[in-house]
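# Geometric and topological summary
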Amino acid sequence: MRILLAEDDALLGDGLRNGLRQQGFVVDWVRDGEAAERELRATPYAAAVLDLGLPRLDGLEVLARVRGAGCVVPVLVLTARDALPDRLRGLDGGADDYVIKPVDLLELGARLRALVRRSHGQAQERLVWRDLTLDPAARQVSRAGAETALSAREFDLLELLLRQTGRVLSREQLEERLYAWGQEVDSNAIEVHVHHLRRKLGAGLIETVRGVGYRVPPA
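All of these numbers come straight from a predicted model, not from anything done at the bench.

## Here we look at the overall build of the chain
Within the chain, the regular secondary structure consists of 8 helices and 11 strands. Its C-alpha atoms give the chain a radius of gyration of 18 Å, within 12% of the compact-globule value 17 Å for 219 residues. By principal-axis analysis of the C-alpha atoms, the chain measures approximately 50 × 35 × 30 Å. Within the chain, the proportion of its 219 residues that are buried is 49%.

Pasting the structure below:
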């Protein structure tokens, strides 16, 4: 899943980005509040990690502006501000979670997955569709009890479609949610991934809605 990381500390930001990438997240990293606001308004991220002490625009102001503009992306505030009034301002200002630095990277990944899960109204971590099970934390997929090996991009595409079962997503929407800045996207990349998923997991898993996009049908 594609997330936004807003952190001005170069060393910390690089560590967070690399650690989240190792857990399967696609990460766009910005280093000031104005860039964070701009990207949150423009890009359909699955979630965001937001530092409060950002240059150019404070994190709380970023949060207030994007929430005021109707942006509902789940936001995890990651900050060194540990005083109770700061935590209350962050949560009351629209944050979905508030974590004090330093944070264990595995815990951060788990919290982000939980935010995304709740944003889609899903009570459990694993996604189940008929006899198929996808485990986002372990990044494993099985069908009828047999584990199936998927590439990272195939896994991400399947997770995205399963989180929105029944909804048709266009190729452009899928690309926006699967690829970070600077990643080259072949014109037929989504079609190729869909083809591989059908070959590995069955032709009835992903439907093509001609002229519109793709969907996983309701279970």
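## Notes on the packing of aromatic side chains
Given two aromatic rings, their pairing is described by the distance between the two centres and the angle made by the two planes. In the structure shown here, the tally under the stated rule is 0 aromatic pairs. The ring of W29 carries R31 above its face, with NZ or CZ at 4.1 Å from the centroid.

## Concerning the pairing of strand β2 (residues 26-30)
Among the 5 residues that make up β2, 5 are buried, leaving the element largely enclosed by the rest of the structure. Where strand β1 (residues 2-6) meets β2, 5 bridges bridge the pair, whose relative direction is parallel. Residue L4 lies in a different strand from β2, and its bridge partner there is D28. Crossover handedness for the path β1 to helix α1 (residues 10-22) to β2: right-handed.

## Structural notes on the layout of surface pockets
Put simply, the largest pocket is a space of about 460 Å³. What lines the largest pocket is a set of 22 residues, among which P44, Y45, A46, H120 and R177 lie closest to the centre. Of all the secondary structure elements, the ones that give two or more residues to the lining of the largest pocket are α5 (105-119), α6 (152-163) and α7 (171-178). A total of 4 residues in the lining of the largest pocket trace back to one element, the largest contributor, which is α6. A per-class count over the lining of the largest pocket returns 12 nonpolar, 4 polar and 6 charged.

## Some remarks on the environment of R89
If you trace the backbone, R89 turns up in helix α4 (residues 84-92). The class for R89 is partly exposed, based on a relative accessible area of 44%. In sequence terms R89 and L60 are 29 residues apart; their C-alpha atoms lie 7.9 Å from each other.

## Description of the nonpolar core
A general tendency of soluble globular proteins is for nonpolar side chains to be buried together. In terms of nonpolar packing, the biggest core is built from 24 residues, with L158, L162, L174, L205 and I206 touching the most fellow members. If you list the elements that add at least two residues to this core, you get β6 (127-129), β7 (132-135), α6, α7 and α8 (189-201). Grouped together as the second largest cluster of nonpolar side chains are 22 residues, A6, L40, A48 and V75 included.

## Digging into the sheet that holds strand β9 (residues 146-148)
Read across the open sheet, the 4 strands follow the order β6-β7-β8-β9; overall the sheet is antiparallel. In this open sheet, the two edge strands, each paired with only one partner strand, are β6 and β9. With strand direction ignored, the average angle separating the axes of adjacent strands in the sheet is 25°. Summarising the sheet, β7 and strand β8 (residues 140-143) pair through 4 bridges and their orientation is antiparallel. Within β8, the residue paired with D135 across the bridge is Q140.

## Regarding the environment of A95
Within the fold, A95 resides in the loop between α4 and β5 (97-100). Once residues lying within four places of it in the same chain are set aside, the contact partners of A95 are L63, V75, V77 and G90.

## Comments concerning the side chain of Q23
Mapped onto the elements of the fold, Q23 is located in the loop between α1 and β2. Note on Q23: relative accessible area 13%, which makes it buried. Separated by 2.9 Å, the side chain of Q23 and the backbone oxygen of L105 make a polar contact. If near-sequence neighbours (up to four positions away) are discounted, Q23 is found in contact with L105, L106, G109, R113 and R139.

## A word on the pairing of β7
The alternating pattern of β7 places L132 and L134 and T133 and D135 on opposite faces, both of which are buried. Two elements, β6 and β7, share 3 bridges in a ladder whose sense is antiparallel. By the bridge assignment, V128 is partnered in β7 with T133. Once β6 ends, the chain turns through 2 residues before running back antiparallel as β7, passing R130 with a positive phi of about 55°. Taking the residues that link successive antiparallel strands as the turn, the β7-β8 hairpin has 4 residues, and the phi of R139 there is positive, at about 55°.

Thresholds, definitions, all that
- Residues numbered from 1 in each chain as written.
- Predicted model: local features only at pLDDT ≥ 70, side-chain atom pairs only at ≥ 80, totals over all residues.
- Heavy atoms only, no water.
- Helix = DSSP H or I, 4+ residues; strand = E, 2+ residues; numbered from the N terminus.
- Rg over C-alpha atoms; globule rule 2.2 N^0.38 Å.
- Buried < 20%, exposed > 50% of the residue type's maximum accessible area, 1.4 Å probe, protein only.
- Phe/Tyr/Trp six-rings, centres within 6.5 Å; stacked < 30°, edge-to-face > 60°.
- Lys NZ or Arg CZ within 6 Å of the ring centre and 35° of its normal.
- Pairing = 2+ DSSP bridges.
- Right-handed = clockwise from strand over helix to strand, strands pointing away.
- 1 Å grid on protein atoms, 1.4 Å probe; cavity = no way out; pocket = protein on both sides within 12 Å on 5 of 7 lines; lining within 4 Å.
- Points joined across faces, edges and corners; volume = space filled by probe spheres on them.
- Nonpolar A, V, L, I, M, F, W, Y, C, P; charged D, E, K, R; others polar.
- Core = buried A, V, L, I, M, F, W, Y, C linked by side-chain atoms within 4.5 Å.
- Axes fitted to C-alpha atoms, helices over the stretch in contact; angles between N-to-C directions.
- Contact = heavy atoms within 4.5 Å.
- Polar contact = N/O pair within 3.5 Å; in protein donor to acceptor, adjacent residues only side chain to side chain.

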